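Inside the fold
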Amino acid sequence: MPSTEPQFGKYVPLRSVVALAMDELDKSVGDQDRCWQLGLRALVQMNQQVSAEPLTVRIPVSSNKTVPFPTDCLTWTKIGILNSNGEVSTLKINNALTTFRDTNPNRLSDLTADITDSITGIPNAPFFFNYYYNNTYFNLFGVGTGLVQYGSCRVDDENRLVILGFDFEYDSIIFEYISTPQRNGDYRVLLSFQEAIIAFIKWKLKEGTRQEFYAAIAEGRRTLNGKKVTLQGVNQVIRESESQKLRS
Amino acid sequence: MASLIAYTKKMLIERIKRDILNDFPSSEFNVSDNEMVLYIDQASAFTLVGQVYQGAKVSGNLVMPEAYLTTYEIPSLAKDSVTGYWKGVLPQPPVSLPIGYSVSGGYFANTSNGAGMEVIWIKPNRVGRRKDMPQQFGIHAWIQGSDIYFAPSNNIPLLNIPFYITMAKTRTESLTETLNLPDDAIEMIFNNVKQKLISRMNMPKDIIQDDISQGATNITNK
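In short, a report on the structure. No experiment lies behind these values; they were computed from the predicted model shown.

Each helix and strand in chain A was counted, giving six helices and 13 strands. When the 248 residues of chain A are sorted by exposure, 25% land in the buried category.

Structure follows, in structure tokens:
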């Protein structure tokens, strides 16, 4: 008979974490579903706060220059395109872009311009937008430059769309986002947060406190991969923060 | 290892009869064995529930004494064509403890795969709202009376897959089966049944009360 014992690697099935909590509290199988629901609530809460690992996908741009969110998208973290080095070059968030008829396939033709003084030729980006006068760019002291960006977008959270400007010239975008917890037979939990989920279940069953839950999260966070302090990481921080600059 | 005598309900019935009649039962004792079994089963269910709640006072949690538990096989389930739920019949309705204690477990099993994962038990007050919540992958089960319903999360057919359920048994299969009781419960069941039978037969019993005072008398002790 194949063993159904869960393997404890980086991830652990939520069901196993719930079983550990129930075992600690000496609960019966009749409480399993309730405890699992509590565990899932803990997972969702922690996923939004600390434990999520962003997913990156390439999504094709629709003909009306919008991009639908992935169905499991909880919140986005980066919207951009890839450069030749495999880095994500983010798009400029331009909230001046209208959400008018953004769910309509005929969006582009429905957006009739009232004024026609927009700058053309943006596909030849990047432009240096600091100050432009008489076909010449000037560097103005004290004025920010903005980032080098290859297009602008606006996020319509209500309709779960990324709205791109008319001048966006690329077929797809790179979309990095926090997803809802994924099922893989069962939901998978980062092992670092096993104790936090157990603490949440105990808190909701009046066997623990809210403070214990947040303490367990803080403890779990310290063991996350991205939070680990390594020699090469410290070296990089030192090198990058050292520069010639005015010091107070 | 020494082999021990197996206690049966037949023996319990005999003991109760002899205790009540102070002798071997005669034809005047018109309580049938079947009637006594009803009293015994009733008393054992009552004793069981009491013991579980007594135990909770010690450990802080409800715990079902293992001796009451029996695993039954429910060989065939039928699918309700309207609701899509699968339905089976339990040997008896569970005792009045929360699910998880009245029924302490259940799983599907067959010879090629062995025992499957525990089904996901849904308490009666959660059956209605379970579809409004995220659902676990697995087979959800709930009980109404003697009927047990199953709803697999992936709609897998449960035809011809035997279901095994472990639950507290308080009824009688045969008079000669081994008593599935902890020995410490026999005393309570014995007394409970005896009291009921005495009352049922309206039998006179000598009451010896040594502590009654002599009382008033006109005979002097002089």
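The next point concerns helix H1 (residues 14-25) of chain A. Residue and element names in this part refer to chain A. Across its 12 residues, H1 extends 17 Å between first and last C-alpha, which sits within 8% of the 16 Å expected from 1.5 Å per residue. Buried within H1 are the following residues: Leu14, Arg15, Val17, Val18, Ala21 and Met22. Buried residues in H1, looked at end-on, bunch into an arc of 160°, giving them a common side. In H1, the exposed positions that point more than 90 degrees away from the buried face belong to Asp23 and Glu24. Directly after H1, the chain includes Asp26, whose backbone phi takes a positive value near 55°.

All names here are of chain A. For the pair H1 and helix H4 (residues 194-204), the least separation of the axes is 9 Å and the interaxial angle reads 50°. In terms of orientation, H1 lies oblique with respect to H4. Handedness of the crossing formed by H1 with H4: right-handed. On H4, the residues touching Val17, Leu20, Ala21, Glu24 and Leu25 of H1 are Gln194, Ile197, Ile198, Ile201 and Lys202.

Next up on the list: the nonpolar core. Looking at soluble globular proteins, one finds that nonpolar side chains tend to be buried together. Among the nonpolar cores identified, the biggest contains 39 residues, and B:Ile40, B:Trp121, B:Ala141, B:Phe150 and B:Val193 are the most heavily contacted of them. For this core, the elements supplying multiple residues, two or more each, are helix H1 (9-21), helix H2 (33-59), strand E4 (103-110), strand E6 (120-121), strand E7 (139-144), strand E8 (147-152), strand E9 (163-168) and helix H3 (183-201) of chain B. Ranked by residues supplied to this core, first place goes to H2(B) with six residues. With residues near it in sequence (within four places) discarded, B:Trp121 still touches A:Val29, A:Gly30, A:Gln32, A:Asp33, B:Ile99, B:Gly100 and B:Ala141. Grouped together as the second largest cluster of nonpolar side chains are 26 residues, A:Ala21, A:Leu43, A:Met46 and A:Ile217 included.

What follows is about unusual backbone geometry. One non-glycine residue, A:Arg101, lies in positive phi territory at about 55°. With respect to the element layout, A:Arg101 can be found in the loop between strand E6 (92-93) and helix H3 (107-110). Judged by the 14 C-beta atoms lying within 10 Å of it, A:Arg101 falls in the partly exposed class. One non-glycine residue with positive phi stands out, namely B:Asn155, at about 60°. Checked against the element boundaries, B:Asn155 lands in the loop between E8 and E9. Given 8 C-beta atoms within 10 Å, B:Asn155 falls into the exposed group.

Glancing now at the interface of chain B and chain A. Residue-level contacts link 18 residues of chain B with 15 residues of chain A. Elements represented by at least two residues in the side of chain B that touches chain A include exactly E4, strand E5 (114-118) and E6 of chain B. When residues in the side of chain B that touches chain A are grouped by element, the largest group, three residues, is from E5(B). Tallied by class, residues from the side of chain B that touches chain A come to 10 nonpolar, six polar and two charged.

The rules behind each value
- Residues numbered from 1 in each chain as written.
- Chains lettered and ligands numbered in written order.
- Predicted model: local features only at pLDDT ≥ 70, side-chain atom pairs only at ≥ 80, totals over all residues.
- Helix = DSSP H or I, 4+ residues; strand = E, 2+ residues; numbered from the N terminus.
- Buried ≥ 20, exposed ≤ 12 C-beta atoms within 10 Å, placed from the backbone.
- Expected span 1.5 Å × (residues − 1).
- Arc of directions from axis to C-beta.
- Axes fitted to C-alpha atoms, helices over the stretch in contact; angles between N-to-C directions.
- Parallel < 35°, antiparallel > 145°, perpendicular 65-115°, else oblique.
- Left-handed = near helix turned anticlockwise from the far one by under 90°.
- Contact = placed C-beta atoms within 7 Å.
- Core = buried A, V, L, I, M, F, W, Y, C linked by C-beta atoms within 7 Å.
- Nonpolar A, V, L, I, M, F, W, Y, C, P; charged D, E, K, R; others polar.

Honestly, that's just the spatial picture; any functional story needs more than this.
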